[in-house]
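Survey of secondary and tertiary structure
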Amino acid sequence: MFSIHNEVKMKIKLKPLDELFSRIIRNRAIANVGGCERCWAWKADYKQLQCAHMFTRKYHSVRWDEDNAVGVCAGCHFFLDSHPQEKIDFFKQRLGEEKFDLLQARANTKGIDKELIKLYLQNRIKEREK
């Protein structure tokens, strides 16, 4: 039986696409609001933020979808993951009802092209770093 500590360790292992995506989301938060996209706490660097997903990374169809993630501080990430209804409300407010519904529909679809996603994410990083 796994302890909670072991389960968290397993989830922290990121694939290369996850690392690219997380960097994009956290940089976006710094560029847009100067820090956490939920509590608006100022952060000097994107490395002080975490990438939080509305639909968990097990939903591969939206795992690297920019609508499905926000750059937040550790406290807000923990809060959102611990309060499912508040998380839904936050993302609905952020995206709007229609865009949220489309995201939810995409989350329930199968099939992705990881190579295409990798190219897209690499280009997004290049754009943001210009």
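Here, every reference points to the structure presented above.
These remarks concern the structure in this document. Residue positions within a chain follow its written sequence, with the count starting from 1. Per-residue local features of the predicted model are confined to residues with pLDDT of at least 70, and side-chain atom pairs are confined, for both listing and counting, to 80 or more; whole-chain, interface and lining totals are unaffected and use all residues. The basis for every side-chain value is the complete set of heavy atoms in the structure, and neither hydrogens nor water enter the calculation.

1. So, the packing of helix 3 (residues 74-82) against helix 4 (residues 84-95)
Where helix 3 meets helix 4, the axes come as close as 5 Å, and the angle between the chain directions of the two elements is 110 degrees. In terms of axis orientation, helix 3 runs roughly perpendicular to helix 4. Residues Phe79, Leu80, Asp81 and Ser82 of helix 3 form the contact with helix 4, whose own contacting residues are Pro84, Glu86, Lys87 and Phe90. Gly counts as polar in this scheme, as do all residues outside two lists: the nonpolar Ala, Val, Leu, Ile, Met, Phe, Trp, Tyr, Cys and Pro, and the charged Asp, Glu, Lys and Arg. In the contact of helix 3 with helix 4, the residues fall into four nonpolar, one polar and three charged. With axes taken as lines fitted to C-alpha atoms, and helix axes fitted only over the stretch in contact, angles between N-to-C directions fall between 0 and 180 degrees. Secondary structure elements follow DSSP: runs of H or I of four or more residues count as helices, runs of E of two or more count as strands, with numbering from the N terminus. What sets the label is the angle itself: under 35 degrees gives roughly parallel, over 145 gives roughly antiparallel, 65 to 115 gives roughly perpendicular, and the rest give oblique. A contact between two residues is defined here by any heavy atoms of the two lying within 4.5 Å.

2. Quick word on helix 2 (residues 16-33)
To estimate how far a helix should extend, the number of its residues minus one is multiplied by 1.5 Å. Helix length check: helix 2, at 18 residues, gives a terminal C-alpha distance of 26 Å against a target of 26 Å (1.5 Å per residue), a fit within 8%. Those residues of helix 2 hidden inside the fold are in contact with strand 1 (50-53), strand 2 (69-72), helix 4 and helix 6 (114-128). Positive phi shows up at Gly34, right after helix 2, with a value of about 80 degrees.

3. As for the packing of aromatic side chains
Within a pair of aromatic rings, the relevant descriptors are the distance that separates the centres and the angle that separates the planes. Each aromatic pair joins two rings of Phe, Tyr and Trp (for Trp, the six-membered one) with centres within 6.5 Å, and gets the label stacked for planes under 30 degrees apart, edge-to-face for over 60, and tilted for any other angle. Within the structure shown, the criterion is met by three aromatic pairs. With centroids separated by 6.1 Å and ring planes inclined at 35 degrees, the aromatic side chains of Phe55 and Phe100 adopt a geometry described as tilted. Taken together, the positions of Phe55 in the loop between strand 1 and strand 2 and Phe100 in helix 5 (residues 97-107) put the pair 45 residues apart, joining distant regions of the chain. Each residue's exposure class comes from its accessible area (1.4 Å probe, protein chains only) as a fraction of the maximum for that residue type: buried when under 20%, exposed when over 50%, partly exposed otherwise. Of the residues examined, Phe55 reaches a relative accessible area of 12% and is grouped as buried. Overall, Phe100 belongs to the buried group, its relative accessible area being 3%. An aromatic cluster of three or more residues is present, and its members are Phe55, Tyr59 and Phe100.

4. As for the pattern of salt bridges
Salt bridge, as used here, is a side-chain nitrogen of Lys or Arg placed within 4 Å of a carboxyl oxygen of Asp or Glu. Evaluated as defined, the whole model comprises eleven salt bridges. With a closest N to O distance of 3.4 Å, Arg94 and Glu37 form a salt bridge. Note that Arg94 is positioned in helix 4 and Glu37 in the loop between helix 2 and strand 1, a separation of 57 residues in sequence. The exposure class assigned to Arg94 is partly exposed, which follows from its relative accessible area of 31%.

5. Overview of unusual backbone geometry
Although it is not a glycine, Trp40 sits at a positive phi angle of roughly 65 degrees. Residue classification places Trp40 among the exposed residues on the basis of a relative accessible area of 56%.

6. Concerning the pairing of strand 2
A two-sided burial pattern is seen for strand 2, the buried positions comprising Ala69 and Gly71 on one face and Val70 and Val72 on the other. Here strand 1 pairs with strand 2 via four bridges, running antiparallel. Bridging from a neighbouring strand, Gln50 pairs with Val72 of strand 2. Whether two strands pair depends on DSSP finding at least two bridges between them.

7. Focus on the nonpolar core
Only buried Ala, Val, Leu, Ile, Met, Phe, Trp, Tyr and Cys residues count toward a nonpolar core, and they belong to the same one when joined by side-chain atoms within 4.5 Å. In this structure, Cys36, Phe55, Val70, Val72, Phe91 and Phe100 are the most contacted members of the largest nonpolar core, which totals 18 residues. Elements represented by at least two residues in this core include exactly strand 2, helix 3, helix 4 and helix 5. Not counting the four nearest positions on each side in its chain, Phe55 is found in contact with Val62, Asn68, Phe100, Leu103, Gln104 and Ala107. By size, the runner-up hydrophobic cluster in this structure holds eleven residues, among which are Phe21, Ile25, Trp64 and Leu121.

Read these as geometric descriptors, not functional statements.
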